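Letter by letter, the chains look like this.
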Amino acid sequence: MAFFGAANSTSANVSSTVEKDVEVADPPPDSISSLAFCPVADFLAVGSWDNNVRIYEVGANGQTQGKAMYGHQAPALSVCWNKEGSKVISGGCDNTARLYDIQTGQTQQVAQHDAPVRVVKWLETPQGGILATGSWDKTIKYWDMRTANPVSTVQLPERCYTLDVSYPLMVVGTAERHIQIFNLTNPTTPYKTMMSPLKWQTRVISCFLNGTGFAMGSVEGRVAIQYVHSYSLVHPSTSSIHLHLTFPSFFRYVDEKDSQNNFSFKCHRRDQTPASKDQSLVFAVNDINFHPVHGTFSTCGADGTINFWDKDSRTRLKTFDPCPGPVSSSAFNRNGTIFAYAISYDWSKGHSGNTPGHPNKIMLHPVKDDEVKKRSQKR
């Protein structure tokens with residue numbers, strides 16, 4: 001662990017108008033892979049290909065200051081926080097997940113895989129907090145953080161590319177377009193395995209806040225919205241208490257290809273020429289995030305653009321001005337008043353695409369209500 005930029009902040013660079021997005025001070029010098037806000041305060045964790053995880057404090061006016069930094073032995077691919085906001089967990093290409101304790105400043109290894117750890121997610125269950133790690137070794141492992149060995153391991157059909165949770169719903173996207181859906185009251189067995197409704201490689205999955213479905217983006221500049229039903233389920237370990245949980249039932253919408261509630265749409269595309277109007281230049285959808293208050297969502301892409309959407313009215317709410325490079329990751333803070341996004345190389349064109357001159361920036365956008373509020377549904 002090390003401190004960085006302690007004497008430096010962006011307070012001098014904050015525009016007098018709230019329209020201008022604020023640049024975070026002392027960004028990573030290499031590609032930015034993951035952003036995650038603390039669930040109880042405005043601290044931002046950032047994972048990077050320079051092997052490090054940085055933690056920034058964000059002030060009321062957008063000023064930022066680096067508070068801490070710790071390292072992996074290889075690029076850090078994913079970051080998350082525990083529920084209390086006291087710990088940051090990260091996964092990396094060194095095949096490990098590491099935990100940083102905010103209060104003590106200490107780091108420790110908390111997970112091990114046979115290949116890079118692509119995703120880390122904190123799960124709040126009735127039995128307590130659990131860490132889920134998804135890896136390119138084709139497994140998901142669950143860890144209770146108190147023992148060196150995983151609580152359980154789930155074999156996936158392919159390498160884990162993306163994973164998201166809205167308890168008790170967990171959805172995993174792997175290589176070769178496999179999608180696995182889990183009821184986390186039975187976390188070791190997938191409830192349903194399906195092929196992606198999108199024709200090209202899955203890039204990102206994000207669950208609805210209420211667990212009634214999920215959004216997914218592909219490398220082909222397309223997003224799919226997949227709905228599920230809800231029903232009342234008695235938790236098997238609490239039958240005497242009769243604790244009822246709401247869990248998505250997939251019998252209809254997952255199996256029914258022509259469901260009117262499921263849909264997909266094109267985004268993050270450009271015309272070959274201004275006059276062509278052909279949208280033939282296609283870019284990857286790199287990240288999807290749901291607004292914590294309104295339930296609308298953002299997409300960001302390899303084309304350097306960001307959009308806010310309302311899935312219920314099937315409407316685009318806002319389009320950002322194009323960025324000077326791909327937008328690799330994004331995150332809303334806990335109350336949805338700040339939207340952070342990273343402008344950096346996203347590896348969508350492989351090693352050869354990582355040419356000198358790519359920007360590495362983290363920007364903070366002050367979110368206005370009218371940018372993210374739902375619209376009246378179309379009749």
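Residues numbered from 1 in each chain as written. Predicted model: local features only at pLDDT ≥ 70, side-chain atom pairs only at ≥ 80, totals over all residues. Heavy atoms only, no water.

Peer 1: It is not clear to me how the packing of aromatic side chains should be interpreted in this structure. Could you clarify?
Peer 2: The geometry of an aromatic ring pair comes down to the distance between the two centres and the angle between the two planes. One pass over the structure, following the stated rule, counts 13 aromatic pairs. Between phenylalanine 265 and tryptophan 309, the aromatic rings sit 4.6 Å apart at their centres with planes inclined by 50°, giving tilted as the arrangement. One end of the pair, phenylalanine 265, is in strand β23 (residues 263-266); the other, tryptophan 309, is in strand β28 (residues 306-310), and 44 residues separate them in sequence. Both residues of the pair, phenylalanine 265 and tryptophan 309, count as buried. Site record: aromatic cluster; members linked through ring pairs are Phe308, Phe320, Phe332, Phe339 and Tyr341. In this structure, lysine 311 is placed above the aromatic ring of phenylalanine 208, and the distance from its NZ or CZ to the ring centre is 4.5 Å. The lysine or arginine in question, lysine 318, covers the ring of phenylalanine 320, its NZ or CZ lying 4.9 Å from the ring centre. (Phe/Tyr/Trp six-rings, centres within 6.5 Å; stacked < 30°, edge-to-face > 60°. Helix = DSSP H or I, 4+ residues; strand = E, 2+ residues; numbered from the N terminus. Buried < 20%, exposed > 50% of the residue type's maximum accessible area, 1.4 Å probe, protein only. Lys NZ or Arg CZ within 6 Å of the ring centre and 35° of its normal.)

Peer 1: Looking at this structure, how should I read the pairing of strand β32 (residues 361-366)?
Peer 2: In the case of a regular strand, side chains alternate between the two sheet surfaces. Relative to β32, strand β1 (residues 22-23) runs antiparallel, the two sharing two bridges. In the sheet register, glutamate 23 faces β32, and the bridge partner there is methionine 363. The pairing of strand β31 (residues 338-343) with β32 spans six bridges and is antiparallel. Within β32, the position partnered with alanine 342 by the bridge is isoleucine 362. (Pairing = 2+ DSSP bridges.)

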